[in-house]
Structure formats: structure tokens, C-alpha cells
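Breakdown of the fold
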Amino acid sequence: VGLLAEMDGSTVAEIRERSPFEKTMVVTFVNGNGKSMPKAESYDLFQYPAMNSPFVKGSAEHTRDEAVEFLKQIKAGHTA
């Protein structure tokens with residue numbers, strides 16, 4: 001899975017764990033200008049990555065879920 005934004009390590013791990021494939025590689029910061037996409041809790045804690053991010057709270061979780069769903073579609077052979 002290639003993602004434009006830089007993702008938190010735990011979000012990457014969640015994608016890998018939920019993937020339907022035995023092995024899944026997640027590459028973040030593809031093309032190098034996506035900025036950081038921190039987890040929702042970072043916004044609640046006013047952590048630097050969240051305060052400096054162009055993404056709204058919950059974007060990382062939404063992206064994680066969409067990536068996993070896409071992997072499931074690929075596994076089932078149903079991609080658009």
C-alpha cells in the first residue's frame with residue numbers, strides 16, 4: 001500500500017494486521033510532500049504532528065480503513 005501522507009507507525013501496523021494478505025508492505029510519504037497524518041488522539045493531546053498537519057482529525061483512521069477495504073477488494077478480485 002502506498003500512501004502520500006506520513007502515517008504513524010501504529011496506523012501502519014494496523015493496516016498490516018487487518019490486511020487479508022499474509023504479507024503486506026505499507027509505504028508512507030510517497031512522493032514526499034503529503035505531510036503528517038497523525039491519529040485522532042494526537043489532536044486531543046495537541047501534539048506537534050497534529051497541530052502542523054493539513055489533515056482533519058480522524059483522517060488517519062479513515063485512510064487506514066479505506067486501505068484495508070481496498071486490499072480486501074484486491075484479494076477478492078473486485079477492483080474498479
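Keep in mind it's a predicted model, so treat the numbers as computed, not measured.

Turning to the overall build of the protein, a few remarks are in order. Regarding its fold elements, the protein presents 4 helices and 2 strands. In sequence order, the secondary structure elements of the protein are arranged as β-α-β-α-α-α. Based on the C-alpha atoms only, the size of the protein along its principal axes is roughly 40 × 25 × 20 Å. In the protein, which comprises 80 residues, the share counted as buried stands at 32%. When the accessible surface of the protein is summed, it comes to about 5300 Å², and 53% of that surface belongs to carbon and sulfur atoms.

When you line up the elements, P54 lands in the loop between helix 3 (48-51) and helix 4 (59-76). Here P54 falls in the exposed class, since its relative accessible area comes to 58%. Placed 17 residues apart in sequence, P54 and M37 show a C-alpha to C-alpha distance of 8.0 Å.

To continue, consider the nonpolar core. With 11 residues, the main nonpolar core is built from L3, A5, M7, V12, I15, V26, M37, A60, A67, V68 and L71. At the level of secondary structure, the elements contributing two or more residues to this core comprise helix 1 (9-18) and helix 4. It is helix 4 that provides the largest number of residues to this core, a total of 4 residues. When sequence neighbours within four positions are dropped, the list of residues in contact with M7 reads V12, T28, M37, A60 and T63.

Before going further, it helps to examine the side chain of S59. Inspection of the secondary structure assignment puts S59 in helix 4. At a separation of 2.8 Å, a polar atom in the side chain of S59 contacts the main-chain carbonyl oxygen of V56.

Residues of helix 1 that are buried include every one of T11, V12, E14 and I15, and no others. The buried residues of helix 1 all sit within an arc of 160 degrees when viewed along its axis, so they share a single face. With respect to the buried face of helix 1, the exposed residues turned more than 90 degrees away are G9, R16 and E17. Looking at the packing, one finds that the buried side of helix 1 touches strand 1 (6-7) and helix 4.

Attention now goes to unusual backbone geometry. The phi torsion at F29 lies on the positive side, around 65 degrees, for a residue other than glycine. With respect to the helices, strands and loops of the structure, F29 is situated in the loop between helix 1 and strand 2 (36-37). The phi dihedral of F46 is positive, around 55 degrees, even though this residue is not glycine. Its place among the elements puts F46 in the loop between helix 2 (40-44) and helix 3.

Calculation notes
- Residues numbered from 1 in each chain as written.
- Predicted model: local features only at pLDDT ≥ 70, side-chain atom pairs only at ≥ 80, totals over all residues.
- Heavy atoms only, no water.
- Helix = DSSP H or I, 4+ residues; strand = E, 2+ residues; numbered from the N terminus.
- Buried < 20%, exposed > 50% of the residue type's maximum accessible area, 1.4 Å probe, protein only.
- Areas by Shrake-Rupley, 256 points an atom, 1.4 Å probe, with all protein chains shown as cover.
- Core = buried A, V, L, I, M, F, W, Y, C linked by side-chain atoms within 4.5 Å.
- Contact = heavy atoms within 4.5 Å.
- Polar contact = N/O pair within 3.5 Å; in protein donor to acceptor, adjacent residues only side chain to side chain.
- Arc of directions from axis to C-beta.

Nothing here speaks to function; it is geometry throughout.
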